[in-house]
Amino acid sequence: MPRFDRSHTDDLAAFIQASPTPYHACAEAAKRLEAAGFRRLAETDDWPAGEPGGHYTVRDGSIIAWRVDDPSIGAFRIFGAHTDTPTFKVKPDPDLGSAGWKQIAVEVYGGVPHQTWLDRDLSVAGRLVMRDGSEVLVHVDRPLLRIPRLAIHLDRGVNEGQKLNAQTQLTPVWGIGAARPGEFLEFIAAEAGVDAADVFGHDLFTVALDPPAYLGKDEELFAAWRLDNLTSTHAGIAALIAAEGTGANVPVLAAFNYEEIGSTTYSGAQSPFLETVLRRVLGGDADEAYAKTIAASAMMSSDTGNAVHPNFPEKHDPVHRPIPGGGPMIKVSANQRYASGAEEHALFRRSAEAAGIPWQTYVNRNDIPGGTTIGPLSGTQLGMLTVDVGLPILSMHSARELCGSDDPGYLADLALGMFTH
């Protein structure tokens with residue numbers, strides 16, 4: 001991808017704007033896939049095993065999509081990502097208040113850096129599950145909530161690293177007066193155009209409203225919420241749509257919900273969801289054929305990673321120092337927090353070479369334990385060769401993350417290189 005080609009990142013910005021929650025991300029991914037000729041399959045229906053063409057299926061904020069070129073499937077080439085992001089989730093009965101302020105009860109979802117969410121205009125988005133089991137997506141795309149910071153006159157130690165209490169000090173306000181039970185759900189249901197009495201469940205989250213934007217004199221920086229990990233989900237969609245002529249190799253996008261809280265759900269990376277889909281795509285009941293196909297297959301787990309922070313360079317390994325514009329990075333951990341060894345390193349380098357893009361390596365400092373992602377989980381679940389890769393970003397998990405503006409395009413090129421070689 002040429003330097004400063006904004007077409008991919010412009011499209012990523014549109015994808016982020018349309019995808020405030022995992023459920024919206026799946027809906028937007030489905031829209032794009034169907035426009036490219038992919039067909040949705042319900043898990044409860046019979047599937048056309050080995051049928052040429054593109055298909056996808058959705059489960060609870062997770063989406064798996066694939067394209068079959070040659071019915072004599074020889075291997076899967078899987079690009080893994082996740083659709084969720086650290087934020088705050090609205091509690092089941094959220095209406096509360098104090099001192100004349102109406103508030104909404106929320107719970108921390110994932111590893112949220114609390115301070116980045118204070119004094120921001122927030123909206124709410126998610127899904128409503130109706131009496132009949134159907135789902136309705138909702139996004140109140142305007143300022144609705146705010147988590148107010150205590151005035152510095154009352155908090156003279158605010159710049160000395162004080163810790164916020166997640167139960168008592170991170171509750172957003174949304175109105176004036178006495179709280180009334182049921183008021184918030186009535187409001188959200190009205191925004192969605194449904195009757196609140198028919199809403200039997202909800203998954204609602206706070207949403208950072210700041211739109212994606214280019215920064216800097218030459219617009220070399222790209223800032224947005226949910227770069228982690230819509231960047232990878234979007235790259236996988238773009239690569240899968242572009243992947244043609246793959247022969248007996250079947251390119252697959254697997255974007256999971258719940259990565260930020262451990263993936264231990266019926267639709268997460270630790271569930272049998274991906275294995276079930278792969279078996280159904282392959283067709284038949286022969287374990288031997290499935291085992292041979294998996295042995296020939298490979299997975300690239302893509303998530304964002306930590307670029308070297310210019311204000312805290314000492315927090316990074318002194319040799320492995322990923323920088324913006326340097327290309328995607330292979331993420332390595334001797335303790336397998338990332339699923340990358342010598343075979344995996346070779347898979348990554350072949351893919352980057354095929355894509356003609358730069359690449360770099362990320363390793364945590366020995367004395368600073370790093371995070372992990374779906375790579376070790378899915379690789380273990382499937383017994384498949386898996387490599388962890390990522391896009392170097394700053395301010396990970398915050399309400400505003402930052403990367404090099406052409407880096408997302410490099411990631412899509414890497415995915416396409418893996419799909420087609």
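These numbers were taken from a predicted model, which means no experiment stands behind them.

Caption draft 1: Fine view of the pattern of salt bridges. A full pass over the atoms with the stated rule returns 19 salt bridges. Residue Asp210 is joined to Arg120 by a salt bridge in which the shortest nitrogen-to-oxygen separation is 3.0 Å. With Asp210 in the loop between strand 10 (199-208) and strand 11 (213-215) and Arg120 in the loop between strand 6 (101-109) and strand 7 (122-130), this residue pair connects regions lying 90 residues apart in the sequence. The exposure class assigned to Asp210 is partly exposed, which follows from its relative accessible area of 32%. Residue classification places Arg120 among the buried residues on the basis of a relative accessible area of 18%. A salt bridge links Arg180 to Glu186; its shortest N-O distance comes to 3.0 Å. Judged by relative accessible area, which is 38%, Arg180 ranks as partly exposed. Classification of Glu186 as partly exposed rests on a relative accessible area of 38%. The structure contains a network of salt bridges with shared partners spanning Asp60, Lys89, Arg127, Glu135 and Asp203.

Caption draft 2: Structural detail: the nonpolar core. Counting residues in hydrophobic clusters, the biggest one holds 45 residues, and the most contacted among them are Leu33, Phe79, Phe222 and Leu414. Contacts of Leu33, omitting those with residues within four sequence positions, involve Phe38, Tyr56, Ile63, Ala65, Ile237, Leu240 and Ile241. Within the second largest apolar cluster, 30 residues are counted, among which are Val106, Leu144, Ala189 and Leu204.

Caption draft 3: Representation of the packing of aromatic side chains. Taken as a whole, this structure holds 10 aromatic pairs when the rule is applied. Ring geometry for Tyr214 versus Phe222: centroids 5.5 Å apart, planes at 55°, classification tilted. In this structure Phe222 comes out as buried when scored by relative accessible area, which is 1%. Among the aromatic residues, those joined into a cluster by ring pairs are Phe88, Trp117 and Trp225. The ring of Tyr290 has Arg279 lying over it, and the distance from NZ or CZ to the ring centre is 3.8 Å. The ring centre of Trp47 lies 4.0 Å from the NZ or CZ of Arg280, which sits over that ring.

Rules and cut-offs
Residues numbered from 1 in each chain as written. Predicted model: local features only at pLDDT ≥ 70, side-chain atom pairs only at ≥ 80, totals over all residues. Heavy atoms only, no water. Salt bridge = Lys/Arg side-chain N within 4 Å of Asp/Glu carboxyl O. Helix = DSSP H or I, 4+ residues; strand = E, 2+ residues; numbered from the N terminus. Buried < 20%, exposed > 50% of the residue type's maximum accessible area, 1.4 Å probe, protein only. Core = buried A, V, L, I, M, F, W, Y, C linked by side-chain atoms within 4.5 Å. Contact = heavy atoms within 4.5 Å. Phe/Tyr/Trp six-rings, centres within 6.5 Å; stacked < 30°, edge-to-face > 60°. Lys NZ or Arg CZ within 6 Å of the ring centre and 35° of its normal.

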